[in-house]
Amino acid sequence: MHLGLMLLCALCAWMFSSCITPYTTYTDTYYVANRTAEPILLVTGSPVMWDTCAATNPQRAWYHSCEITILAGQTIRIHPVTREFKHKDTGDRMNLRQVVGSTLLLIAGNDTIEWKAQKYDYVYGEEWSFYDAEDWISTEEKNQPYCFYHTFVIDPEKIKRAKQ
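Attention in this report is confined to the structure presented alongside it. (Residues numbered from 1 in each chain as written. Predicted model: local features only at pLDDT ≥ 70, side-chain atom pairs only at ≥ 80, totals over all residues. Heavy atoms only, no water.)

## Topic: the overall build of the protein chain
This is how the line gets drawn: Going along the chain from the N terminus, every DSSP run of H or I of four or more residues is numbered as a helix, and every run of E of two or more is numbered as a strand. Per-residue accessibility, obtained with a 1.4 Å probe over protein chains only, is compared with the maximum for each type, and a residue is labelled buried under 20%, exposed over 50%, and partly exposed between these values. Here, two residues are considered to be in contact whenever any of their heavy atoms come within 4.5 Å of each other. Areas reported here follow the Shrake-Rupley algorithm with a probe of radius 1.4 Å; residue values treat only the protein chains shown as occluding.
When you go through the protein chain residue by residue, the secondary structure sums to three helices and eight strands. In the protein chain, the order of α-helices and β-strands from amino to carboxyl end is α-β-β-β-β-α-β-β-β-β-α. Each of the 164 residues in the protein chain was classed as buried or not, and the buried ones make up 34%. In the protein chain, the proportion of contacts linking residues at least 24 apart, taken out of those at least 6 apart, comes to 62%. Counting every atom, the protein chain has about 10300 Å² of accessible surface; 57% of that belongs to carbon and sulfur.

What follows is the structure, given as structure tokens:
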């Protein structure tokens with residue numbers, strides 16, 4: 001009897017302690033839009049899950065590769081990244097740099113542009129990079145807390161800036 005009571009008390013104490021520790025789930029979904037007239041190729045540092053966001057086909061194909069071809073006018077979605085933390089203000093959120101690696105190659109026509117994850121590694125006169133947060137359009141999902149959508153648009157002007 002005493003052993004059962006002790007186990008019940010231990011279980012209740014564990015459940016109580018886990019209930020008072022606030023967990024928050026962050027979900028970040030990344031989109032990359034090609035607004036150029038030609039296909040482009042992204043070469044990531046490690047394989048990533050992605051799809052073509054084909055809204056008309058609910059059984060869209062998912063890919064797992066280091067090379068992502070984005071056709072002219074197409075938008076792809078990099079697999080959502082979800083992480084849980086003990087508290088919303090602590091811990092590191094996984095970001096795109098951790099998903100695709102420390103460098104990323106953009107191949108557009110005859111141009112190959114290397115984007116590095118660290119700001120001090122940039123070699124371009126006018127800073128513009130896949131990893132710069134200010135170059136992403138981020139929106140928060142109103143119906144789901146801590147859910148964010150991030151879109152990176154590749155257009156001829158940005159490619160021109162990156163080549164400088």
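## Examining helix H3 (residues 156-163)
Heads up, the rule is: Arc definition: it is the arc formed by the directions from the helix axis to the C-beta atoms.
Of the residues making up H3, those classed as buried are Lys158, Ile159, Arg161 and Ala162. Along the long axis of H3, the arc covered by the buried residues comes to 160°, so they all point the same way. Contact partners of the buried residues in H3: strand S5 (103-108), strand S6 (111-116) and strand S8 (147-154).

## Section: unusual backbone geometry
One non-glycine residue, tyrosine 146, lies in the positive phi region at around 60°. Examined against the element boundaries, tyrosine 146 turns out to sit in the loop between strand S7 (137-140) and S8. Residue tyrosine 146 is classed as partly exposed on the basis of its relative accessible area, which comes to 26%.

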